[in-house]
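Residues per chain, in single letters:
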Amino acid sequence: MMSQRARAARAVVIALAAGSLALTACSKNEGGKSGKDTKEDQKKAAVQSQPVVYADAAGSTGPAKEVPGARSGGTITVYQEAGLSHLDPAQIYISDSGQVANLLFRRLTQFQEDDKGNVSVVGDLATDSGKSSDGGRTWTFTLKDGIKDENGNALTSADVRHTVERQYAKFIFDGPTYLQTWLSGTDYRKALPGGGYDGKHLPASVLDTPDDKTVVFHFDQPRPDLPQTLAMAGYAVVPAKGDTKERYEKKPVATGPYKVAENKAGKTLKLVRNTNWDPKTDSVRHQYVDGFTIQFGVTESTQTKRLLADEGDNKNAIQLTGGIDATQIQDVIRNPEANKRTVRGYQPYVMALTFNLDRVKNKKVREAATYAVNSRSLIAGEGGAYGGEVAPNLFAPTLPGYEPSYDPYGRLKTPQGNPAKAKELLQDIPAAEKKLVLAYANNEQGQRRKVAVEDALSKAGFDVVAKEIDAASYYEQLGKLDNPYDIYITGWGQDWPSPGTVVTPIYDGSQVFDGSSNYSHVKDPKVDALIKKALTQQPAEAAKTWKEAHHYLLENVLPAAPLWYAKQFQLSGSNVGGARYGTVSSLIDINRLYLKS
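Given the structure is predicted, the values throughout are model-derived calculations rather than measurements. (Residues numbered from 1 in each chain as written. Predicted model: local features only at pLDDT ≥ 70, side-chain atom pairs only at ≥ 80, totals over all residues. Heavy atoms only, no water.)

**Topic: the environment of Thr 293**
Relative to the helices and strands, Thr 293 resides in strand β11 (residues 291–295). When residues no more than four places from it in sequence are discounted, the contact partners of Thr 293 are Thr 75, Ile 76, Thr 77, Val 78, Leu 269 and Lys 270. (Helix = DSSP H or I, 4+ residues; strand = E, 2+ residues; numbered from the N terminus. Contact = heavy atoms within 4.5 Å.)

**Brief notes about the nonpolar core**
Residues Phe 217, Leu 457 and Phe 462 are the most contacted members of the largest nonpolar core, which totals 110 residues. Contact partners of Leu 457, with chain neighbours within four places excluded, come to Ala 369, Ala 372, Val 373, Leu 436, Phe 462, Val 464 and Ile 487. Residues Val 100, Leu 104, Phe 292 and Leu 320 belong to the second largest nonpolar core, which totals 29 residues. (Core = buried A, V, L, I, M, F, W, Y, C linked by side-chain atoms within 4.5 Å. Buried < 20%, exposed > 50% of the residue type's maximum accessible area, 1.4 Å probe, protein only.)

**Looking at the packing of aromatic side chains**
Enumeration according to the criterion identifies 16 aromatic pairs in this entry. Centre to centre, the rings of Tyr 168 and Tyr 188 are 5.4 Å apart; their planes meet at 90°, and the pair counts as edge-to-face. Taken together, the residues Tyr 168 in the loop between α3 (157–166) and α4 (178–184) and Tyr 188 in the loop between α4 and β7 (207–211) connect sequence positions 20 residues apart. On the basis of relative accessible area, Tyr 168 is assigned to the buried category, the value being 0%. When its relative accessible area of 4% is taken as the criterion, Tyr 188 is described as buried. For the ring pair Tyr 474 and Tyr 475, a centre distance of 5.2 Å and an interplane angle of 85° mean the geometry is edge-to-face. Using a relative accessible area of 3% as the deciding quantity, one classes Tyr 475 as buried. Each member of the aromatic cluster is reached from another via a ring pair, and the members are Trp 139, Phe 141, Tyr 178, Trp 182, Phe 217, Phe 219 and Trp 496. Lying over the aromatic face of Tyr 346, Lys 567 brings its terminal NZ or CZ to 5.3 Å of the ring centre. (Phe/Tyr/Trp six-rings, centres within 6.5 Å; stacked < 30°, edge-to-face > 60°. Lys NZ or Arg CZ within 6 Å of the ring centre and 35° of its normal.)

**As for helix α9 (residues 363–372)**
Of all the 10 residues making up α9, eight are buried; the element is thus mostly covered by neighbouring parts of the structure. Of the positions making up α9, those classed as buried are Val 365, Arg 366, Glu 367, Ala 368, Ala 369, Thr 370, Tyr 371 and Ala 372. Where α9 is buried, its residues contact β13 (342–355), α11 (419–425), α12 (444–459), α16 (539–557) and β18 (560–571). Capping of α9 at its N-terminal end is provided by Asn 362; its side-chain oxygen lies 2.9 Å from the backbone amide nitrogen of Lys 364. (Polar contact = N/O pair within 3.5 Å; in protein donor to acceptor, adjacent residues only side chain to side chain.)

**Digging into the pairing of strand β17 (residues 487–492)**
Burial of β17 is extensive: six of the six residues sit out of reach of the surface. Here β17 shows no split at all, with Ile 487, Ile 489 and Gly 491 on one side and Tyr 488, Thr 490 and Trp 492 on the other all buried. Sheet topology note: the β13/β17 ladder contains six bridges and is antiparallel. Looking at the pairing, Thr 354 lines up with Tyr 488 of β17. With two bridges joining them, strand β15 (residues 435–441) and β17 adopt parallel strand pairing. Across the sheet, Ala 439 pairs through a bridge with Tyr 488, a residue of β17. (Pairing = 2+ DSSP bridges.)

**So, the packing of helix α14 (residues 500–507) against α16**
Here α14 crosses α16 at 45°, and the two axes come no closer than 10 Å. When the axis of α14 is compared with that of α16, the two are oblique. Classified by chirality, the crossing of α16 by α14 is left-handed. Here Gly 500, Val 503, Thr 504 and Tyr 507 of α14 lie close against α16, whose contacting residues are Trp 546, Ala 549 and Leu 553. Split by residue class, the contact of α14 with α16 holds five nonpolar, two polar and no charged. (Axes fitted to C-alpha atoms, helices over the stretch in contact; angles between N-to-C directions. Parallel < 35°, antiparallel > 145°, perpendicular 65-115°, else oblique. Left-handed = near helix turned anticlockwise from the far one by under 90°. Nonpolar A, V, L, I, M, F, W, Y, C, P; charged D, E, K, R; others polar.)

**A closer look at the packing of α14 against helix α15 (residues 525–534)**
Here α14 crosses α15 at 140°, and the two axes come no closer than 11 Å. In this view, α14 runs oblique relative to α15, as classed from their interaxial angle. The way α14 lies across α15 gives a crossing that is left-handed. Facing α14, whose interface residues are Val 503, Thr 504 and Tyr 507, α15 presents Val 527, Asp 528 and Ile 531. Among the residues forming the contact of α14 with α15, the class breakdown is four nonpolar, one polar and one charged.

**A look at α16**
Here α16 contains 19 residues, and its C-alpha end-to-end distance of 25 Å stays within 8% of the 27 Å for a straight helix at 1.5 Å per residue. All of the buried residues along α16 are Ala 542, Thr 545, Trp 546, Ala 549, His 550, His 551, Tyr 552, Leu 553, Leu 554 and Val 557. Packing partners of the buried residues in α16 comprise α9, α14, α15 and β18. Positive phi shows up at Leu 558, right after α16, with a value of about 55°. (Expected span 1.5 Å × (residues − 1).)

**Examining the pattern of salt bridges**
Should their charged atoms come close, side chains of opposite charge can pair. What the rule picks out here adds up to 25 salt bridges. The closest approach of N and O atoms between Asp 589 and Arg 580, which form a salt bridge, is 3.1 Å. The class for Asp 589 is buried, based on a relative accessible area of 8%. The buried category is assigned to Arg 580, whose relative accessible area is 16%. (Salt bridge = Lys/Arg side-chain N within 4 Å of Asp/Glu carboxyl O.)

**Looking at unusual backbone geometry**
Note the cis peptide between Gly 62 and Pro 63, where omega equals 0°. Counting through the fold element by element, Pro 63 comes out in the loop between β1 (53–54) and β2 (75–79). Residue Asp 310 is not a glycine yet carries a positive backbone phi of 55°. For Asp 310, the position within the fold is in the loop between α6 (300–309) and β12 (317–319). Residue Asp 310 is classed as buried on the basis of its relative accessible area, which comes to 10%. Positive phi, close to 55°, is recorded for Leu 558, a residue that is not glycine. Its relative accessible area of 0% is what places Leu 558 among the buried residues.

**Describing the side chain of Glu 403**
Relative to the elements of secondary structure, Glu 403 occurs in the loop between β14 (388–390) and α11. You can call Glu 403 buried: its relative accessible area is 17%. A polar contact is formed between the side chain of Glu 403 and the side chain of His 551, at a distance of 2.8 Å.

**Thoughts on the sheet that holds β1**
Overall, mixed pairing links the three strands, which are arranged β1-β4-β3 in an open sheet. Lying at the two open borders of the sheet, with one neighbouring strand each, are β1 and β3 (109–113). Inspection of the sheet shows β3 paired to strand β4 (residues 119–123) by five bridges, in the antiparallel sense. Across the sheet, Thr 109 pairs through a bridge with Gly 123, a residue of β4.

**A few points about the sheet that holds strand β6 (residues 138–142)**
Pairing is antiparallel in the open sheet, where four strands are placed in the order β5-β6-β8-β7. Two strands lie at the open edges of the sheet, namely β5 (131–133) and β7, each paired on one side alone. Averaged over all pairs of adjacent strands, the angle between their axes in this sheet comes to 20°, without regard to strand direction. Pairing between β7 and strand β8 (residues 214–218): three bridges, direction antiparallel. Its bridge partner lying in β8, Asp 211 is registered against Thr 214. Along the sheet, α3 makes contact with β7 and β8, crossing β7 at roughly 165°.

Shown next, in the form of structure tokens:
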């Protein structure tokens, strides 16, 4: 999902991770203990950790269930600080772009959630969530009738084939790679270096399109998670007729309820109704409002002030992936009217201080930094209990296999860090190895996180050199193998409820390449063997293997120091209807919004 990056946290999510609030010292606006809210959030996290249900044709037939009280018309204003990383679906692996992708693009399958947060996978372009055969090695999808792109062109199996094959092209470097590697192995680009643009295609034994309505995937081993994989924004369909390759980022062709009317990079993105979208074919999305105007460069503190004031156009506004500014959380909590306009819950992201293992090679140095970092001060900057909770390990509460008491570095006992232990470990370390280059994003969030990390590591005896990165390309810069940074805060969340979507993309040795999410550059034979083993096992046995991999990574490799589990706390204007916390996005559910008047 995006990372703080969905990527899921890179949310992944995506994904930057939403819930990114400004750092501040402990104060009355820190957020307090919020015991009641934490228990409610834990219930939501438990729902997120449940396996999804695969829906049949009946569950995949549109239109989507009406939102009570919804009406048509008006434009929703969307506030966002950093610009979007990508608009080409194949490059989308972050929560900000993922949110927008829900409005613009359709995929073979899609996640659908009910009023209780339970999630199922339904057919989106396909008539159902897919039919498996050959022990799960073969998956067949049939396309629905009457689906067109924004230009009125009917979507066929050739467009799905084109969508898959273009992912093999070199200019696609920043999206998910599950499908490509499952079909063609870790060196998948060699299987189709031209990305299908040169007239060459994947063989029918791998990807078959026997007619305009049928798509068949053939794998060398069972792939039971395929319907969830195809529901990712990164696998949204790119119609062959409108593909402009590298330039597709500027003006992608919409298949969802909205299309791009204006795109001023880093300033505004205006979406308007896609008149060729047919609600009868879509069981997930709505088209209540006339459009969305996304304003970039609006800091979270400004977003919060505007939405709290709730005047003029701010009544029609929402936050995209940002959250309520930490220093203003109590202002929102103490305002009953504003508090009613909030959505909150756990995100799938584990925020961690990631080590570049090509540069920070001494495990003792990594251990010292892990003990030194101050989760408490970082969480204060996220809004206290409303923005996050101390993370003792690398598996989030939303993930199957979550172990709340697994705490190898004593993070729960010393959330403020353990500088004494860190100093002890650094006693015989040369000065050169104690110098760490910290990368941080050049926005409010990044600046304040930098201060917290600098302060904690400096107290333990490290010499920290901070270097800023443009927030919009933060993860893109970290994804370069030869990046000049030793440490950086990253967030990762599950792409669907499986530890495999956490361990594999960020710790698999075969994923060490430019544009990969293996930001620590882990290449460990035992980790790779455990990943390979888990991916062939049934869920119960796989869970034990993923647990072993998790423990080995944290205790024997230590690619990252766990810091906090991200939580989201967002505010919207009083005229915005249908707002709820989305289990899938871990953000405001953008698919169901309307304006009350």
